[in-house]
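What the coordinates show
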Amino acid sequence: MGVCMNGGYVSSWKDDSVLAVLDTTTRFVESEVTAHREKWEGQKHLDRAVWRKAGDLGLLCCSIPEEYGGGGGTMAHEFAINEAQGAAGDTTWGNMVHSGIVAHYLLAYGTEEQKQQWLPLMATGEVVAAIAMTEPGTGSDLQAVKTKAVADGDELVIDGAKTFISNGYNADLIVVVAKTDPTARSKGISLVLVDVRDAPGFQRGRILDKVGQLGADTSELSFSGVRVPSDCVLGGIPGKGFGQLMTQLARERLLVAVTAVAGMETAIRETVEYTKARKAFGQCLFDFQNSKFVLAEAATHAHIARVFLDSCIERHLGGRLDAATAAMAKWWLTDQQVRLIDECLQLHGGYGYMREYPIARMYQDARIQKIYGGANEIMKDLIARSL
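Summarised in this report is the structure supplied together with it. (Residues numbered from 1 in each chain as written. Predicted model: local features only at pLDDT ≥ 70, side-chain atom pairs only at ≥ 80, totals over all residues. Heavy atoms only, no water.)

Overview of the packing of helix α7 (residues 241–277) against helix α9 (residues 323–347)
Running from N to C, α7 and α9 cross one another at 20°; their axes reach a closest spacing of 8 Å. Considered as vectors, α7 and α9 are oriented roughly parallel to each other. The interaxial crossing formed by α7 with α9 has left-handed handedness. Its residues placed into classes, the contact of α7 with α9 shows 16 nonpolar, six polar and two charged. (Axes fitted to C-alpha atoms, helices over the stretch in contact; angles between N-to-C directions. Helix = DSSP H or I, 4+ residues; strand = E, 2+ residues; numbered from the N terminus. Parallel < 35°, antiparallel > 145°, perpendicular 65-115°, else oblique. Left-handed = near helix turned anticlockwise from the far one by under 90°. Nonpolar A, V, L, I, M, F, W, Y, C, P; charged D, E, K, R; others polar.)

This is how it looks when you write it as structure tokens:
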């Protein structure tokens, strides 16, 4: 893993330390996550002990500076963790949100007190983090959020509902997207840090019953008169939330793109192995011209995807990745992932529709990639604005 199947190509951003993280994560996911897949899917979430084990291995907040309890690495190490998960077909462990997104909101915008309070706890797994953006009826329109965080003396009173929240069931810290000025649109939005371990009026709703990603903790949340100190606004200044979201979303989209490419490469490996082992009409499925052509095209698309992804990662690590290119990576790579996995499933025949085969789970799990992190139609709109 980490080597593309075309010509021995190796991603240039994977130095020895990144490859070490990739290897550690691969072994961790295999032993602690996918080995217990049936349990996680049955209860729709991981046990908290898995988060603690990840923290013990240094897999949480590995791209956060050591002064805040993190691993002192870069986003390259975070991408390696995502790649290992994508290659293993794991969609259960919500570390992308915890370490790749929430931790970096805190690092980029948090006050020194906020960073010291939360990041060390997130790095050990004592605290699990989530970000609550989406609301019933608002979808991708973040400016239209109805959740309010209204000032009352030296406190904020939060009222509203959120849905599709990754890590919502296990989360201790939830970054809530709310209107601190309900009369404004984007300029009235703030990100509010809510410690839900002690938050009267906060309730977790049901863990949602999804088409795929069955073990992933995706929940409904409600806030009814939840009071938090006014200094819980991320960065300490209300009204900055929309700009913070827009700046950080490019990272989220690149994280999604990493899992897309890793999933494509795994789908091809699984399908090559299956078609070479499966006999039909006196020969291996792989030996039929149709199988060869489908897999040749799939391998080509996966290699193009890998090279484009690596280019985006290199630009991101150098501080040169623009929002439009991140949007291109998100929509195109997830589109390719869904299409390619569908074609690989077809080569499995009826067995491809059986969940005991990895390709069936990959087919189920991949479809949401075109929706979360910003629907692909929104990505195309963002790109068009840059033209």
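Structural notes on the pairing of strand β1 (residues 129–132)
Alternating residues of β1 divide into Ala-129 and Ile-131 and Ala-130 and Ala-132, and every residue in both groups is buried. The sheet contact formed by β1 and strand β4 (residues 173–179) spans four bridges and is parallel. Considered in β4, the bridge of Ile-131 is made with Val-175. (Buried < 20%, exposed > 50% of the residue type's maximum accessible area, 1.4 Å probe, protein only. Pairing = 2+ DSSP bridges.)

Considerations on unusual backbone geometry
Here the phi dihedral of Lys-44 falls at roughly 65°; this positive angle occurs in a residue that is not glycine. Looking at the secondary structure, you find Lys-44 in the loop between α2 (37–43) and α3 (48–56). A positive phi is found at Asn-167, a non-glycine position, where the angle reads about 70°. When you line up the elements, Asn-167 lands in the loop between β3 (155–166) and β4. Judged by relative accessible area, which is 5%, Asn-167 ranks as buried.

Focus: the pattern of salt bridges
Under the counting rule described, the total for this entry stands at 19 salt bridges. When the shortest N-O distance is used, the salt bridge between Asp-381 and Arg-385 registers 2.7 Å. Remark: Arg-385 and Asp-381 occur in helix α11 (residues 376–385); sequence separation between them is four residues, near one turn of the helix. Within the structure, one salt-bridge network assembled from shared partners comprises Lys-14, Glu-83, Glu-265, Arg-306 and Asp-310. (Salt bridge = Lys/Arg side-chain N within 4 Å of Asp/Glu carboxyl O.)

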